[in-house]
Amino acid sequence: MSHTATAPAAVHDLERDLPYYEPVGNECALFEQAYEQRLPLLLKGPTGCGKTRFVSHMAAKLGRPLFTVSCHDDLTAADLTGRYLLQGGETRWVDGPLTRAVREGGICYLDEVVEARKDVTVVLHPLTDDRRMLPLERTGELLEAPKDFMLVVSYNPGYQHILKSLKPSTRQRFVAMSFDFPPPRVECDIVSRESGLSHERCAALVNLAARLRELKGQDLEEGVSTRLLVYCATLINAGMPILEATRATLVEPLSDDLDVQEGLMEAIQATFG
Ligand SMILES: Nc1ncnc2c1ncn2[C@@H]1O[C@H](COP(=O)(O)OP(=O)(O)OP(=O)(O)O)[C@@H](O)[C@H]1O
């Protein structure tokens, strides 16, 4: 679990010193509206398509501290709200990231929220309806979220959630939007800007990604992510031969199955071979 104040992303918007984010549709306006109207937001989409970057960009744009938590199946409500810890012989209450976001009027981003334990919904529900309250059972406090507080959660509907999903009573508390891999022209801009590789060479990688994504469903759980394309372009830009870079970034991370890997390499060789 990480809870950091807005971490500076690797690449910044040169003019405004914001974490670089290339909009795809109306997502920035929708985020701002949700923030203004004090509504919680749910982002759905595949891994590595820009959700986290989007949230850090918007938090910086709105000038709010960001508390990011990567949820996992052991994450409990206490991990979010806080707990009593023994420090120097004394027991002291230490706020968790959600409580800090509420107290400081920040944005709390719960990545892959469906992974978290069920008791997390107990703290999320009163916070995500018109009460906007965070009950801290252990300290006896009932915190009212200030107007600057916002809760953003995400999950990937594409995989492994046959067993895990959000209950309707939880998901119907959020304004929601779907993310997907950016359209080719935008993805090319992103990959080029993030890696330093020329536009022309990134366009070839983005075309290749489109082909590989067509294999999704047949052989692959998920299509190749924008994140992996950035890795690939970064290695090529550093001088690695294309076939070596694509194998390490667009084949090995996607599958362990040798037949699937061979199919992917064939598609790559047809493009670059
Ligand atoms: N619209 C975008 N603008 C700028 N960069 C982007 C965009 N979309 C994707 N990226 C790039 O892709 C990388 C991965 O995106 P990000 O970490 O936001 O994915 P994610 O959807 O949060 O994935 P996960 O669900 O696995 O956490 C970013 O570090 C960035 O380099």
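Residues numbered from 1 in each chain as written. Predicted model: local features only at pLDDT ≥ 70, side-chain atom pairs only at ≥ 80, totals over all residues. Heavy atoms only, no water.

## Considerations on the pattern of salt bridges
At step 1: On inspection of all chains with the given rule, the structure shows twelve salt bridges.
At step 2: A salt bridge links R53 to E194; its shortest N-O distance comes to 3.0 Å. One end of the pair, R53, is in helix α2 (residues 51–62); the other, E194, is in helix α7 (residues 184–195), and 141 residues separate them in sequence.
At step 3: Residue class for E194 comes out partly exposed when judged on its relative accessible area of 21%.
At step 4: Salt bridges here are not isolated pairs; linked through shared partners, they connect R64, K147 and D148. (Salt bridge = Lys/Arg side-chain N within 4 Å of Asp/Glu carboxyl O. Helix = DSSP H or I, 4+ residues; strand = E, 2+ residues; numbered from the N terminus. Buried < 20%, exposed > 50% of the residue type's maximum accessible area, 1.4 Å probe, protein only.)

## Focus: the site of the ligand
At step 1: In the vicinity of the ligand lie 17 residues, with E22, T47, G48, T52 and E194 positioned nearest.
At step 2: Between G50 and the ligand, the recorded distance is 3.2 Å, taken from a backbone N or O atom to an oxygen atom.
At step 3: One of the side-chain N or O atoms of R227 is found 3.0 Å from an oxygen atom in the ligand.
At step 4: In isolation the ligand has 630 Å² of accessible area, and contact with the protein removes 89% of it.
At step 5: Its residues placed into classes, the shell around the ligand shows six nonpolar, five polar and six charged.
At step 6: For the shell around the ligand, the two domains that each supply at least three residues are domain 1 (26–178) and domain 2 (184–272). (Near = heavy atom within 4 Å. Polar contact = N/O pair within 3.5 Å; in protein donor to acceptor, adjacent residues only side chain to side chain. Areas by Shrake-Rupley, 256 points an atom, 1.4 Å probe, with all protein chains shown as cover. Nonpolar A, V, L, I, M, F, W, Y, C, P; charged D, E, K, R; others polar. Domains from an automatic or database assignment.)

## Overview of the domain arrangement of the chain
At step 1: We note that the domain assignment places domain 1 (26–178) and domain 2 (184–272) within the chain.
At step 2: One C-alpha centre belongs to domain 1, the other to domain 2, and the line joining them spans 32 Å.
At step 3: Taken together, the contact pairs eight residues of domain 1 with six residues of domain 2.
At step 4: Interface area, domain 1 with domain 2, both sides summed: about 530 Å², of which 39% is carbon and sulfur.
At step 5: For the interface between domain 1 and domain 2, the tally reads one salt bridge.
At step 6: At the junction of domain 1 and domain 2, the tally comes to five residue pairs in polar contact (both at pLDDT 80 or more). (Contact = heavy atoms within 4.5 Å. Buried area = accessible area lost by both parts, 1.4 Å probe.)

## Re a negative patch on the surface
At step 1: Together, E252, D256, D257, D259, E262 and E266 make up a negatively charged patch on the protein surface.
At step 2: Mapped onto the fold, E262 is located in helix α11 (residues 258–272). (Patch = residues over 30% accessible without salt bridge, like charges linked within 9 Å, V, L, I, M, F, W, Y side chains within 5 Å. Lys, Arg positive; Asp, Glu negative; His and termini not counted. Charge placed at Lys NZ, Arg CZ, Asp CG, Glu CD.)

## Some details on the sheet that holds strand β2 (residues 66–70)
At step 1: If you walk across this open sheet you meet the five strands as β2-β5-β8-β1-β9, and the pairing is parallel. Of all the strands in the sheet, just β2 and β9 (175–178) have a single pairing partner and so form its edges. Strand-to-strand twist across the sheet, computed as the mean angle between neighbouring axes with direction ignored, equals 15 degrees.
At step 2: In the sheet, strand β1 (residues 41–44) pairs with strand β8 (residues 150–155) via four bridges, with the strands oriented parallel. By the bridge assignment for β8, K44 is matched with Y155.
At step 3: Contacts from α2 reach β1, β2, β5 (107–111), β8 and β9, with the element oriented near 175 degrees to β5.
At step 4: Relative to the sheet, helix α4 (residues 97–104) contacts β2, β5 and β8, its axis offset from that of β2 by approximately 160 degrees. (Pairing = 2+ DSSP bridges. Axes fitted to C-alpha atoms, helices over the stretch in contact; angles between N-to-C directions.)

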